[in-house]
Amino acid sequence: MEAKETMAENKQNKRTAGDEGNPYEGKHHTNIWTYCLSTGFFAGLIWGVLRWFFYEMKFTLELPGIMADPFFRSAFLKTGWGYVVGIGSYIVFSMIAALIYGLLLRKLKGPWPGVLYGLVWWAIIFLALGPLLHVTRSVWKTGWNTLSAELCVFLLWGVFIGYTIAFEFTDEASREPVQAS
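Caption draft 1: Broad picture of the overall build of the chain. A tally of helices and strands in the chain yields seven helices and zero strands. A buried classification covers 37% of the 181 residues belonging to the chain. Restricting to contacts in the chain with at least 6 residues of sequence separation, those with at least 24 account for 71%. Accessible surface, the chain as shown: approximately 11,700 Å² in total, 66% of it carbon and sulfur.

Written out as structure tokens, the structure reads:
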């Protein structure tokens, strides 16, 4: 009876695993659209809530609703529902950014492309488009605390998106240690 169970387990492993027995080399294909959207959703949720904590703890002067600023008044974005809208807009922004990363950069390995991706988005928002569209303060008026806190959040956000997508769409998973069964 025990031999039959072992044979059934081996058969199951052969169906999902590749020739070498590595389950990551099988015929499983991840849908890039849904994977990137879910990665972006969780990136926006996690790092949007962290941005809200940073705002509440006075690490940053930028509202959590920075992405919704062109569409809502600042007075509304400073209320409880404004924080919810701000985190929601950050989630939508993150989903779009994850789709862009997945389409253009998903084959890049390791965490460094994600670090650079977060840095590029930080520069776009805080150095280029944000001050130009009056969404963020000028770099000269912002202060080091806000710039460094936002930079840290965007770097971690970029690593989360980049490395999560790279792990799924490259052979990063094959570098994981094999678990004994």
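Caption draft 2: Inspection of unusual backbone geometry at higher detail. Its identity is not glycine, yet Lys58 carries a phi of approximately 65 degrees, on the positive side. Among the secondary structure elements, Lys58 is positioned in the loop between α2 (32-56) and α3 (74-77). Phi at His134 takes a positive value of approximately 60 degrees, unusual for a residue other than glycine. Tracing the backbone through its elements, the reader meets His134 in the loop between α5 (112-132) and α6 (139-142). For His134, a relative accessible area of 68% gives the class exposed.

Caption draft 3: Geometry of a nonpolar patch on the surface. Residues Trp33, Val92, Ile96, Ile100, Leu103 and Leu104 make up a contiguous nonpolar surface patch of about 590 Å² in total accessible area. Residue position: Val92 is located in helix α4 (residues 80-105).

Caption draft 4: Geometry of the pattern of salt bridges. Inspection of every chain in the model, using the stated rule, returns two salt bridges. A salt bridge links Glu150 to Arg51; the nearest nitrogen and oxygen atoms lie 2.9 Å apart. Of this pair, Glu150 sits in helix α7 (residues 144-169) while Arg51 is found in helix α2, placing the two residues 99 residues apart along the sequence. What makes Glu150 buried here is its relative accessible area of 1%.

Conventions used here
Residues numbered from 1 in each chain as written. Predicted model: local features only at pLDDT ≥ 70, side-chain atom pairs only at ≥ 80, totals over all residues. Heavy atoms only, no water. Helix = DSSP H or I, 4+ residues; strand = E, 2+ residues; numbered from the N terminus. Buried < 20%, exposed > 50% of the residue type's maximum accessible area, 1.4 Å probe, protein only. Contact = heavy atoms within 4.5 Å. Areas by Shrake-Rupley, 256 points an atom, 1.4 Å probe, with all protein chains shown as cover. Patch = residues over 30% accessible without salt bridge, like charges linked within 9 Å, V, L, I, M, F, W, Y side chains within 5 Å. Salt bridge = Lys/Arg side-chain N within 4 Å of Asp/Glu carboxyl O.

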